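One-letter residues, chain by chain:
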Amino acid sequence: MVAAATLATFVVAALASLFMAWAIGAGSSGSTPFAPAVGANAISVMRAGFIVGLLGFAGAFLQGANVTNAVGTELIGGVTLTAGAAVVALITAAVLVALGVFAGYPIATAFTVTGAVVGVGLAMGGDPAWAKYQQIVSLWVLTPFVGGGASYATARLLRADGVSEQWTVPALAGIVGLLVANMEFAGLGGAAGSASVARAAAVEAAGLVGLGETVWFVAASLFVALVAAAVVGRWVTTDKTRGQRRFLLVLGGLVAFSAGGSQVGLAIGPLVPLLDVVAVPLPALLVGGGVGLLAGSWTGAPRMIKALAQDYSSLGPRRSIAAMIPSFAIAQTAVALGVPVSFNEIIVSAIIGSGYAAGGSGVSRRKMLYTVLAWVGSLALAFGLGYGVFTLVSSVLGL
């Protein structure tokens, strides 16, 4: 039976996790996915906040396990986070993210949580997980160049003279469909855990008809890609502007879903080492984190949506589409690898790259500089506060 003191500490840690989930929903997963769509006047700010909350909740439950386990168990070696350590890490990170929300600057959530968890873990006497750090930092450093570069190239293609949007937009939709076919979802893999729609369909088809899983996997992936291209192609042919905005809303929904799958792990990951003690299943924890994201999206996201949509770059539908496609691809890569990644970094980099495709029109260089400084500063500050606060609290309370 769980001791009363242990249970009470877990409850405090769970409340801290819920606060962290709210802060993420208000500032990262809730604000970034639909910011380009709002900037392109495809959806209102309040409606964007409502929809992104629902999709983020779904993503948290269906795709949140990988990043959750990584944050909880792979950022530090030699020690296991205690309930007290989880409380310190979560509150430290959540306060920094909340300050960014209310100040109107998109603090990188992944930076603050990672810094706080590593700081607390080292204060406990843990060992640095250098291999995981290398993987995380590589993705963080590559994101602005890959995301910004891809969005720039895509925007230039869509704006090029002599290139018809009647085929470029459907072709991009086909690429998105290919990515969707290979998104992994909890429950599709049976006893193996998660699997993609294409992989699950291939397993079933190979069992019934034969020809091998690889053939059916390729066929299923191409089928989804062709359907996506055909649907968006019909939208664009019927009404070009309206079709682009519809496609942009679909992209926003996919990024919102991916944000839930990635960002929920930043809120509930530090609780994972405690689950064996209090006998709480991971799916229940994912639901709780999803509820926190939902609440944050509905109550706090509109402010940050406005900041991202209007302060960084006022994008039209084409440049917004160019920003969202690489954002979706990077987000799903991070979910698959179990790497905590900042959606603010992903979206802001893509918006800037897309904005520069039009000669940098509407891009605020001053805002860009402050944002980059906030990202770097939040990582260092979260690490220092996590280490210092836990050292102080543990010396006083004996955690």
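That block above? That's the structure.
Source: prediction; values computed, not measured.

Some details on the overall build of the protein
Counting secondary structure elements, the protein contains 17 helices and four strands. In terms of C-alpha radius of gyration, the protein reaches 21 Å, essentially the compact-globule figure of 21 Å for 399 residues. Its C-alpha atoms give the protein principal-axis dimensions of roughly 70 × 60 × 35 Å. Of all 399 residues assigned to the protein, the portion counted as buried reaches 53%. For the protein, long-range pairs separated by at least 24 residues make up 83% of all intrachain contacts whose partners lie at least 6 apart in sequence. Summed over all atoms, the accessible surface of the protein reaches about 16000 Å², with 69% contributed by carbon and sulfur. Distance from the positive charge centre (17 side chains) to the negative charge centre (11 side chains) of the protein: 18 Å.

A look at the environment of Val-389
By the secondary structure assignment, Val-389 is in helix α17 (residues 365–397). Sequence separation between Val-389 and Tyr-133 is 256 residues, and the spatial gap between their C-alpha atoms is 22 Å.

Considerations on the packing of aromatic side chains
Tallying each qualifying case throughout the model produces five aromatic pairs. Geometrically, the ring pair formed by Phe-50 and Trp-298 is stacked, given 5.1 Å between the ring centres and 10° between the ring planes. Residue Phe-50 is found in helix α3 (residues 45–63), and its partner Trp-298 is found in helix α13 (residues 282–299); the two are separated by 248 residues along the sequence. With a centroid separation of 4.3 Å and 45° between ring planes, the pair formed by Phe-111 and Trp-140 is classed as tilted. Separated by 29 residues along the polypeptide, Phe-111 in helix α6 (residues 109–123) and Trp-140 in helix α7 (residues 130–159) bring together distant segments of the chain.

As for helix α9 (residues 197–208)
Compared with an ideal rise of 1.5 Å per residue, which puts twelve residues at 16 Å, α9 spans 17 Å between its outermost C-alpha atoms and is within 8% of the ideal. Along α9, the residues that are buried comprise Ala-198, Ala-200, Ala-202 and Ala-205. Elements in contact with the buried residues of α9: α8 (165–181), β4 (195–196) and α10 (213–238).

Criteria and cut-off values
- Counting of residues starts from 1 at the beginning of each chain's written sequence and follows it residue by residue.
- Restriction of local features to residues with pLDDT of at least 70 applies here, the model being predicted, together with a cutoff of 80 or more for giving and counting side-chain atom pairs; totals for whole chains, interfaces and linings are based on all residues.
- The side-chain figures draw on all heavy atoms in the structure; neither hydrogens nor water molecules are used.
- Secondary structure elements follow DSSP: runs of H or I no shorter than four residues count as helices, runs of E no shorter than two count as strands, and numbering proceeds from the N terminus.
- As a reference, a globule follows 2.2 Å times the number of residues to the power 0.38, and the radius of gyration itself is taken over C-alpha atoms.
- Working definition: with a 1.4 Å probe on protein chains only, accessible area under 20% of the residue-type maximum means buried, over 50% means exposed, and in between means partly exposed.
- The contact definition used throughout considers only heavy atoms, calling two residues in contact when any of these lie within 4.5 Å.
- Areas reported as accessible are Shrake-Rupley estimates using a 1.4 Å probe. Residue values count occlusion only from the protein chains shown.
- In this charge count, Lys and Arg are treated as positive and Asp and Glu as negative; neither His nor the chain ends contribute.
- Charged side chains are reduced to one point each, which is NZ for Lys, CZ for Arg, CG for Asp and CD for Glu.
- A pair of Phe, Tyr and Trp rings is counted when the ring centres sit within 6.5 Å of each other, with Trp represented by its six-membered ring. The angle between the planes then sorts it: under 30 degrees is stacked, over 60 is edge-to-face, the rest tilted.
- Here the expected length of a helix is defined as 1.5 Å per residue gap, with one fewer gap than residues.

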